[in-house]
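Report on the structure
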Amino acid sequence: MGIKKEEVKGTRILNEYSSSNIFATEYDTKTSELLVTFKGGRKYQYHGVPHKTFTKFRMSESQGKFFNQEISKKYRYNEIKK
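In short, a report on the structure. (Residues numbered from 1 in each chain as written. Predicted model: local features only at pLDDT ≥ 70, side-chain atom pairs only at ≥ 80, totals over all residues. Heavy atoms only, no water.)

For the rest of this paragraph, the subject is the pattern of salt bridges. When the charged atoms of two side chains with opposite charge come close together, those side chains can pair. Applying the stated criterion across every chain yields a total of six salt bridges. Here Lys81 ties to Glu79 by a salt bridge, and the two come within 3.4 Å at their closest N and O atoms. Assessed through its relative accessible area of 62%, Lys81 is described here as exposed. (Salt bridge = Lys/Arg side-chain N within 4 Å of Asp/Glu carboxyl O. Buried < 20%, exposed > 50% of the residue type's maximum accessible area, 1.4 Å probe, protein only.)

Here it is, written out as structure tokens:
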């Protein structure tokens, strides 16, 4: 598991992962917004995620496990409809 691709665009950090569940994330260091794209194509925006938490998430051995334990139920979110 881990990061397949990482790109920094201004205040945004874009990642793609070798994860069974999470395809990609986009994190904005200015607004602390985390956009998560799952393998099935669903997208969710998580609000107020600290940069430190995002860093731990992307550096973790299993992004899916870290996400489920430390992000999914702890931060306010909404689904981004296509």
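Having put the structure on the table, let's press on.
Moving on: unusual backbone geometry. Although it is not a glycine, Ser32 adopts a positive phi angle of roughly 60°. With respect to the helices and strands, Ser32 occurs in the loop between strand S3 (22-28) and strand S4 (33-38). (Helix = DSSP H or I, 4+ residues; strand = E, 2+ residues; numbered from the N terminus.)

Before going further, it helps to spend a moment on the packing of helix H1 (residues 51-59) against helix H2 (residues 63-70). Close contact between H1 and H2 brings their axes to 8 Å; oriented N to C, the two are set at 145°. Packed against H1, whose contacting residues are Thr53, Lys56, Phe57 and Arg58, the element H2 presents Gln63, Phe66 and Phe67 at the interface. Class assignment of the residues belonging to the contact of H1 with H2 gives a composition of three nonpolar, two polar and two charged. (Axes fitted to C-alpha atoms, helices over the stretch in contact; angles between N-to-C directions. Contact = heavy atoms within 4.5 Å. Nonpolar A, V, L, I, M, F, W, Y, C, P; charged D, E, K, R; others polar.)

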